[in-house]
Each structure stands twice: as structure tokens, then as C-alpha cells.
Amino acid sequence: MTISSTSGTSSTNSAFSSLNVSPSGSSGPALSFNGVISGTNTQAMIQALMYAYETPQINIQNQANQINANLNDYQTLSADLTSLQTAADAISQSYLWNATTATSSNPAVATATTGSGAQQGTLVFNVNQLAQAEVMASSSTVSSTSSVVANGPILMSVGAQQYGVTSLAGSGLATGSHTVDISSALSGGSASGTTTLTGTTSITSANDTITAYVNGALQTVTIASGSYTQSQLASAIQAASVSSGTQTLQASFNGSGQLQLNTSLLGTGSSLQITGGTALATLGLAAQTSASVGTAGSITLDGGTAVAVNNVQAGSTVAVAGPSSSSVTLGIGQTGLTSGTFTANEISTGGGSLSSVVSAINNASAGVSASAVQTGTGSYLLQLSSQATGTAGAILLDSSNLSSSIGTMNTITAPQDAQIQVGGTGGYLVNSSSNTLTGVMPGVSINLLSAQTSGSSPVSISVTPDGNTMAGLVQSMVTAANKALTDINTYAGYNAATKSAGPLMGDPNLNAIMTQIEGVVAGVGSSFSSTNASTVGLNLTSTGQITFDQTAFLSAYQANPTAVTNLFTQGGTLTPSSSTYSGTASLVSAGDGTQPGSYPVVITQSATQANDLGLVSSTGTITNAETITVSSGSLSASYAATAGESFSSIAAGLNTALSTAGIGVGAQDLSVSGGSQLSLTSGTYGSAANFSVTSTAVGSGQTGLAATANTAQSFTGIDVAGTINGIAATGSGQTLTSPYSDPNLGGLALNVTAAGITSATDIGSFNYQPGIAGGMAFQANGAVSPTSGTLTDTIQNLNSQITNLQQQYNSYTPMLLNEQKMLQQEFSTMETQMSGLANQGSWLASQIKNLP
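Residues numbered from 1 in each chain as written. Predicted model: local features only at pLDDT ≥ 70, side-chain atom pairs only at ≥ 80, totals over all residues. Heavy atoms only, no water.

A. Region of the structure containing the packing of aromatic side chains. The tally for this structure, following the rule as stated, stands at eight aromatic pairs. Look at Trp 97 and Phe 568: their rings are 5.2 Å apart centre to centre, the planes differ by 35°, and that puts the pair in the tilted class. Within this pair, whereas Trp 97 is found in the loop between helix H1 (42-89) and strand S1 (100-104), its partner Phe 568 is found in helix H8 (residues 561-568), the two being separated by 471 residues in sequence. Each of the two residues, Trp 97 as well as Phe 568, counts as buried. Aromatic rings pair up to connect Trp 97, Phe 548, Phe 553, Tyr 557 and Phe 568 into one cluster. (Phe/Tyr/Trp six-rings, centres within 6.5 Å; stacked < 30°, edge-to-face > 60°. Helix = DSSP H or I, 4+ residues; strand = E, 2+ residues; numbered from the N terminus. Buried < 20%, exposed > 50% of the residue type's maximum accessible area, 1.4 Å probe, protein only.)

B. Geometry of the sheet that holds strand S33 (residues 444-448). One open sheet accounts for three strands, arranged S2-S33-S32; its pairing is antiparallel. Looking along the sheet, the strands with just one partner apiece sit at the ends: strand S2 (110-114) and strand S32 (436-438). Pairs of neighbouring strands in the sheet enclose a mean axial angle of 25°, with direction left out of account. (Pairing = 2+ DSSP bridges. Axes fitted to C-alpha atoms, helices over the stretch in contact; angles between N-to-C directions.)

C. H8, seen in detail. Every buried residue of H8 is listed here: Pro 561, Val 564, Thr 565, Leu 567 and Phe 568. Looking straight down H8, one finds that the buried residues subtend no more than 160° of arc, so they occupy a single side. Those residues of H8 that are buried are in contact with strand S34 (459-465), helix H5 (467-492), strand S37 (538-540), helix H7 (550-559) and helix H10 (771-784). (Arc of directions from axis to C-beta. Contact = heavy atoms within 4.5 Å.)

D. Expanded view of the sheet that holds strand S23 (residues 317-321). Taken together, three strands build an open sheet; the order of strands is S6-S24-S23 and the sheet is antiparallel. Two strands in the sheet have a free side with no partner beyond their single neighbour: strand S6 (165-171) and S23. Neighbour-to-neighbour, the strand axes of this sheet turn through a mean angle of 20°, independent of strand direction. The sheet contact formed by S6 and strand S24 (residues 327-332) spans five bridges and is antiparallel. Across the sheet, residue Ala 169 finds its bridge partner in S24, namely Thr 329.

E. Fine view of the side chain of Gln 219. Tracing the backbone through its elements, the reader meets Gln 219 in strand S11 (residues 217-222). The exposure class of Gln 219 is buried, given its relative accessible area of 12%.

F. Spatial organisation of the packing of H1 against helix H11 (residues 790-849). Packing of H1 against H11 leaves a shortest axis separation of 9 Å and a crossing angle of 165°. Comparing the axis directions of H1 and H11 gives the class roughly antiparallel. The way H1 lies across H11 gives a crossing that is left-handed. (Parallel < 35°, antiparallel > 145°, perpendicular 65-115°, else oblique. Left-handed = near helix turned anticlockwise from the far one by under 90°.)

G. Representation of the nonpolar core within the structure. In terms of nonpolar packing, the biggest core is built from 56 residues, with Leu 81, Met 477, Leu 538, Phe 553, Phe 568 and Met 776 touching the most fellow members. Of all the elements in the fold, those that place two or more residues in this core are H1, H5, helix H6 (508-522), strand S38 (546-548), H7, H8, H10 and H11. Ranked by the residues each element gives to this core, the list is headed by H5, at 12 residues. (Core = buried A, V, L, I, M, F, W, Y, C linked by side-chain atoms within 4.5 Å.)

H. The pattern of salt bridges, seen in detail. Applying the stated criterion to the full structure yields two salt bridges. In this structure, Asp 80 and Lys 483 form a salt bridge, with 3.0 Å as the shortest nitrogen-oxygen distance. Of this pair, Asp 80 sits in helix H1 while Lys 483 is found in helix H5, placing the two residues 403 residues apart along the sequence. Overall, Lys 483 belongs to the partly exposed group, its relative accessible area being 43%. Between Lys 483 and Asp 487 there is a salt bridge, with the nearest N and O atoms lying 2.7 Å from each other. In this pair, Lys 483 and Asp 487 both sit in helix H5, four residues apart, roughly one turn of the helix. With a relative accessible area of 12%, Asp 487 lands in the buried category. (Salt bridge = Lys/Arg side-chain N within 4 Å of Asp/Glu carboxyl O.)

I. Representation of the environment of Leu 384 in the model. Position of Leu 384 among the secondary structure elements: in strand S27 (residues 379-386). Separated by 272 residues in sequence, Leu 384 and Thr 656 place their C-alpha atoms 44 Å apart. Sequence-distant contacts of Leu 384, defined by excluding residues within four places in its chain, comprise Glu 134, Val 135, Met 136, Met 156, Ile 361, Val 368, Ser 369, Ala 370, Ile 395, Leu 397 and Met 409.

These figures come from the coordinates and say nothing about function on their own.
This is how it looks when you write it as C-alpha cells:
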């Protein structure tokens, strides 16, 4: 027999094996003999004798069974309160109340869904167009799918056009995918408008000229009078830029409807500087203070040797050689080539039949779906469809190996980005390669369903707090609380109807837990309660259950979501020791074991940012050129300042470089006594905020951001330090966290912004309140905390009792076995002796019978 104790507090299974002690003597083997000779029921006699010996062990078993039953009850209550703690923790902190929902004023045009990071607000826009994928079809048909339509491999790419590539041809390419890397962009001189030009633009003799230096030569572009759409205006400007038979400018419009001018010459020899003209205001252009100079491009094929592209005309081509005598020839767009990488697929067409071509393209994973479309009896055409919507999914095809029998491949559905105009007429444009827009509103995905005609009413997408989701979470907490209250009442209460007490009645801890949970809602129990619980639909019935009126909650939440959130969540305020420290400490978080109350806060060191102060300059400029490099972790940013450059310009240049590199450091030009001073400051606080600075020039007349030329100098912030309630706390940046082991503070963490403190300073007392959900979690934690919970202690105590009873139970077993063995031996001996006597009697009887 064994008694099994349960060490865990979450299990609700029986903690004991079934102990079936019976008069038969369960401690030893079953008896299987009777008094054959004596005629006595020796087995019954042994059982009767053993029962007296087994009685103490049976009593231990009965005691253990009762403790086991109580343990199971306590484990049920522990599970109830753990569920309550989990449900309360889900809504106990303000950041958890961020559920949002999005609604559309016209769901037929656009809908929206919210996710992490969504913020309340409204976006008003019109849907100008939906995104669509490119579809190409052959201009001629063939009589069957067996007809030969290709006499060699087909080269195609999806996405190449987004990098400015206008045509694609290959030679010597192996079947499969090939990588084209435009590592350096090819561009010309450029100028961008700042005004969105919608509708038509009127050009007259009063606003028809653009004066500019184009590739170093002064040129006046005179636009023909007329009323133009965007595409017509671009064509008119290009026609007007022709000089000596050569078009010098390319005109286009960006996604926001702003005019873009580029030189037709692309490369370092190109430049554009607009100097004036009567058309500037109409076109949204402005005179440029300096020339915009083009850049030379660099392209590789399959990791081969880079090919430089410089000083070529828009619309020309460039051949790029790759490994093993392979090459591709790329057409150059009107604004050049942007940097990026795309894949071109060389597809073997087998025997060249229409069905073979379709199968080969579909099996090539080239991002294109091919079909043999039957247009009539004995009439089939080849159709190609991009698998990606938007202009980035445009198909670029080398059709030189396609047979003349199917004619040319024409675009029947042009690739198109989705476009919305935010703010209605005159608003800014947003383009997307798909009909799902992200990033326009943080954390919101906008799904475009149909385009609107001109003059349509705009669509409004509104993001609001999701009261229904939060109501569901509150209901989960209430349900968990009611389950715990019901089970406590069952196990520890008195049933007046049956006039019976629960098995755990009399446990003061259970009565206290019930009172404390009810007190959170009822307004009884001082610091854990909220007299405003009823305003959000929480009430306590006369039978000790909590009710939740969702309608009342939703009404309150809609009227003031912040106030309702604050009612449920952890919070607190600092009562400052002086006005200097007003608002300098706020709650970051608290543990479920944090006691509500007021705690003095003493700061010995304020948190600081990493900071680098340069030299003070009376002129606010540097004497010699200087390159400043700021590094943080694996990131690095540099700015090359020129001789005589001002501190303000250097700061602006550094900020641009730092932002681009993703380094959280900011540069400032400080006005100080004696002149100007450059400063570099980390965006965060504490020892984790660090960076290093290297400068190529140091000393008087320079920035002074580094002490030694070309040697990195490190700068690090300081963590806040101090005590909460007299207990030393750990600082990390501006966050001061108390020990989780402290019975009162339980991990209370504060954000301390008090500055300039370097010695022990009392900044005031922080008053912590857990809120309704925090109060529920606190009460549940007090019962089930692994280290100090009242139910945890009770369960551990019961398990200890079981262990002790097991030891007592086991100590009886050897004695009972020995006693049973002895009785069996004695009765066996008796039977043997009686058998001997019986034999003697039989012998004597036979002898007497034979006497004469």
C-alpha cells in the first residue's frame, strides 16, 4: 500500500492512491489454507487476529483520505484564483487597453482593419484607381495549341521596369534565373515641382517659359500655349526643350502629381539648374540655387564584372556581360536607372508549340501565368498575366524568339498602382502596388474595393477604441471571479437548505479571500476598492456574485475611454517634496504583489543621456574641412564638413546622416556664452545609450567633437539610482525598479525624469493604486503566489502531512508482515502436530483392533 502526496498546486487530481485495507490483511499475501486436519477455519482466525494489528494503519489511511479530499478542494480553489489572476492581468495595465476598430463610411469602396499600433483618428480620401496586374496577349492567333509559336528560349522579368529598365534582351544565357544588379544609379540633372497639378493646366504667353542651364548651357524652354492634362503638359515641355534637333529635357509626373524635369543626358556630364522663367509658379517649380548633377551607373549580371554606364541618352541601351559569354541588353528609361536588383528568367520553350510555351512559362516560377486562350473555333492566342499587381509587377519580355504566327505581344491591361487622394480635391496622392494600403494610418490596413468617379463623395475610415473587445475581457475577469466566489462558498460556506457545512468551513483565509474579492467591487476594503465600479457596469449582488452590465460599460467607455481605462488599470501619482519635482515620477509597471500605498522616493543620481560637447566658437564656423563619424553598435554615419561651414549647417548635415543610418543621436548648434557650440546627444538615457565620435580634424577652429584626430572617443549615459520606500532599486535609463522579492513593493517600477541630482534627494512620495483589475489580480496573487500565497502555503502544508502519514503508514508494514507470517507459521505448525497426532491415533487404533 502507498499514499502518494502531490507537490504541485495546479493539479486537481486525487493526491492519494486508493487504500483498500480489509480484514484479510492487505499488508501481506492472501491466505489460501484452512485447518484440513483440525477442521478449523484457520484463514478466518488469522484474518481476525490481523485486523487488530492493522487498525492503526487503517486509521492512518482514513486520515490521509480526508486530507486528500481537502487537498483536492484547495487545488480547485487555487486553479480558480489563478484563472482570475490571469484574466485580471489581461486588463490591469493601460497599454493593454489599446484595442481599436475601424469603420468605413462607404464599405463598398473601402474597408479597413486595425492591428498593433493603431491609433485613434480619421482618414478622408477618394479612391482614384485600383491596382491591377499587367495582362499581355498576342496580336494574332494560331489554329491549335500544337502550332509552333516559338523558335528559341524566352527571356522575361517581372519588376525590372520599376528600376527604369524599358527593354530586355539576352544572349548566351543558361536556362533559369539570372540576377541583374544595378549597384549604382544612372541619373541626370533634375528638378522637382512642389505643387500637385490636377485637372488641366493653362499655358499662355504670360506663363510659358523656363530658363535653365541644361548640361552647362543656358537654354530657354518656351511651352506652346494651350490647356494641358498632365501627360499633354509633359509632352509639350519635352517638345519645347528640343535644341539643335536634340531633346534636352524629359518631363513626367510623380505619384503625387508633381512635375519632374530631368536631363535627357544621363551621367556625370549632365546637370540642370533652373534660373527663372514665367512658367515656374504655374508648374510648381522654383529657381535652383545650385545645379543638380547626374550620376554614373554601374551594373552586373550574375555577379560578373561591373559595367559602367555614363553620359548616355535616355532611351538608349546598355549591354552587360556576364559569366561564360552571357549578356543582357537593357533599355534605359527617360530618368535613367535606379539602384536595385531584379531577376530575369531564361525559359526554354521545348518544341516551341503553344502548349509547350504555356507549360514552360508556368513551370518557370517567373511571376507570370501563361494561358492558351481559345477565341473561336480553331483560334488560339497566347496570354501572359503578371502574378503581382501594380507597376512593380510589370512584365518585361524579350519576344525576339516568338514566331510571327502569333504577331506581337501587346498589353491589354496596363499595370497600375492603386491610388488614393487624401483630403479630397487638392489633397496629396498615395500610391500602392496592391489594393491593400498599409502605413497611411499607423497599424491600419485599408482595403480598396472599387474606384470612384470624379466628384464622388470621399470615404472616411475612422479608428476608434474597441469597446466590445474590452467588454469581453472585463466579462472574462468577472466570470473568473464569480467561479472563485462560488467554489469558495461551496467548500467553505454553510448550506442552509441542506443544513450542511462545506468541508473547508472554518478556514479564515478562504473567508478573507472572498471578502477581499467582493470588496474590490463593493467599495469596501479601502485601497483595493473603487466606488466608481458601478459606473462601468460592475455591481455586487446580495448572494455575493458580481454582475456586469455591458451596456453601461460601453456607454461609459464611448463617452470617456481614458477615464474607464484608468479605473481598471494600475496607476499612481507623485506627491512632490517641492514644486521642483512635480511630475518627475510616473508609474511604469507594478507586480501583482505590489501593495497599494504611498512610498517615499529618494534619488541619488539622475539619469543622463550620452552627450558630446564640442568647442565654443566665436564665429560659429570651422577653419578646415572636417569629416565627423558617429558610431553606435554596428551602425555608423559620417558627414564631411567643408572649410568655413557653419555649425548650424554641420548640425543639419549630421542629423540627416544620423537619421538615414538609423542612429538615435541628434546634433544641435547651441548658442552659448562666447559664441556657438556643437552638441551630440543620444535620444535615450542610461548606460545603454552610448556612441563614439571620430573626427579627421581637431583643435582650435574645428568642431571639437573629438579630442584626438582619427581616434574614436566614446560617450555613455548614466542610469538613474535611488531607493523606493527605503529599499535600494535598480536603475536602467530613467526606470527605477524595486526588487520583486520585497513584500510591499513587489517590483514597483517608476520612470524618474528629475534632472541634475547627484546626491541623495527626496523627490516626494509615490501613491500607487492598482485599479479594479489590478486589485483583483492582487487579491488572487495573495492566495496563489508561489512564494507567499495563503493557499499555496496550505497546499504545501497538506502535502507535508501526507508525506508524514506515508512514512507512518510504511513503518507499520514490516511489523504486519512479520505478524502475519508468524501466525501462518504457528497455525501451520499446529496443523502439522495435529496431523502427527492423528496418524498416531490411527496406528494405535489399528494395533488395538489386531489385539487377540
